[in-house]
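# Summary of the model geometry
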Amino acid sequence: MKQVLLIVTGAIASVVVLFVVVGLMLPNHWNVERSILIHAPASKIHPLVEDLHAWGNWVESRDPTLRYEFTGPERGVGANRIYHSQYAGTGSTQITLSDPSRGIEFESCVNSPSPTAHGKLTYASEGPATRVTWHDEGKLPVITGAYLRDSVEEGLQRHMDESLVKLKDLAEHP
């Protein structure tokens with residue numbers, strides 16, 4: 001009986017060690033970029049993008065427990081949106097750069113006091129339309145995050161695509 005217990009314990013320990021070693025070798029950095037062509041000038045799009053209060057009108061969320069509070073200026077550099085959620089925890093998004101012709105950059109903190117993600121929404125003129133590109137990247141926790149990276153990227157792609165469609169609708173049909 002002792003020998004069987006020793007073999008089972010050794011097998012479980014081997015699986016745990018293998019899980020950790022593979023998790024350390026897998027990348028935990030995620031990087032997602034999506035874009036959409038909006039038939040409106042950047043001057044119509046920028047007020048919706050640089051105002052974190054307005055994000056509630058176009059940034060897709062399916063979490064009914066999500067609550068926001070805002071600090072800093074109402075829009076532009078320093079504007080900060082803090083969220084609390086039963087499912088997603090606590091986090092924030094703060095605008096670090098705002099340029100009406102180029103777009104915005106922002107940092108996000110997810111269940112951490114320091115930034116865990118960096119993002120930007122940029123504008124590129126295409127005739128009378130504007131291509132809006134949303135880029136977001138960050139690092140997940142070592143080991144477990146590496147196993148979750150692909151599903152995080154897939155979820156962000158869907159979230160960004162749905163949000164950009166809503167932004168397009170708001171900018172084209174105010």
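I will try to describe carefully the structure that is included in this document. These numbers were taken from a predicted model, which means no experiment stands behind them.

Glancing now at the overall build of the protein. Within the protein, the regular secondary structure consists of 4 helices and 7 strands. Seen in sequence order, the protein has helices and strands lined up from the N terminus as α-β-α-α-β-β-β-β-β-β-α. In summary, the protein has a C-alpha radius of gyration of 21 Å against a globular reference of 16 Å for 174 residues, an excess of more than 25%. Overall, the protein is about 75 × 35 × 25 Å in size when its C-alpha atoms are taken along their principal axes.

What follows deals with the side chain of D136. Along the chain, D136 turns up in strand 7 (residues 129–139). Residues within four places of D136 in sequence aside, it is in contact with W30, N31, V32, F106, A117, H118, G119 and M160.

To continue, consider the environment of R62. Assignment of secondary structure puts R62 in the loop between helix 3 (55–58) and strand 2 (67–71). Taking the C-alpha atoms as reference points, R62 and H159, 97 residues apart in sequence, are found 9.7 Å from one another. A distance of 3.0 Å separates the side chain of R62 from the side chain of E162, its partner in a polar contact.

Here we take up the packing of aromatic side chains. Taken as a whole and judged by the stated rule, the model has 4 aromatic pairs. Seen in terms of ring centroids, W55 and F106 are 5.6 Å apart; in terms of plane orientation they differ by 80°. Their pairing is edge-to-face. With W55 in helix 3 and F106 in strand 5 (residues 103–110), this residue pair connects regions lying 51 residues apart in the sequence. One aromatic cluster is present, formed by W55, W58, F106 and W134 through successive ring pairs.

Here we come to the sheet that holds strand 5. Pairing in this open sheet of 7 strands is antiparallel, and the strands run 1-7-6-5-4-3-2 from one edge to the other. Among the strands making up the open sheet, the edge pair consists of strand 1 (29–38) and strand 2. Strand-to-strand twist of the sheet, defined as the mean angle between neighbouring strand axes without regard to direction, takes the value 20°. Across the face of the sheet, helix 2 (residues 42–49) comes into contact with strand 1, strand 4 (89–99), strand 5, strand 6 (117–126) and strand 7 while running at roughly 165° to strand 6.

What counts and what doesn't
- Throughout this description, residue numbers start from 1 for each chain and increase along the sequence as written.
- Local features in this predicted model are restricted to residues of pLDDT 70 or higher, and side-chain atom pairs are both shown and tallied only at a pLDDT of 80 or more, whereas totals for entire chains, interfaces and linings draw on every residue.
- To get the side-chain values, all heavy atoms of the structure are used, and hydrogens and water are removed first.
- Secondary structure follows DSSP: runs of H or I at least 4 residues long count as helices, runs of E at least 2 residues long count as strands, and numbering of each begins at the N terminus.
- For the radius of gyration, the atoms used are the C-alpha atoms, and the globule rule reads 2.2 Å times the number of residues raised to 0.38.
- The contact criterion used is simple: two residues touch if any of their non-hydrogen atoms lie within 4.5 Å.
- Here a polar contact is taken to be a pair of N or O atoms separated by no more than 3.5 Å, where protein atoms must pair a possible hydrogen donor with a possible acceptor and residues adjacent in sequence count only if both atoms sit in side chains.
- In this scheme Phe, Tyr and Trp rings, the latter by its six-membered ring, pair at centre separations within 6.5 Å, and the angle between planes marks the pair as stacked below 30 degrees, edge-to-face above 60, and tilted otherwise.
- Strand pairing is assigned whenever DSSP detects at least two bridges linking the two strands.
- Under this scheme, a helix contributes an axis fitted over its contacting stretch, all axes are lines through C-alpha atoms, and angles between N-to-C directions fall in the 0 to 180 degree range.

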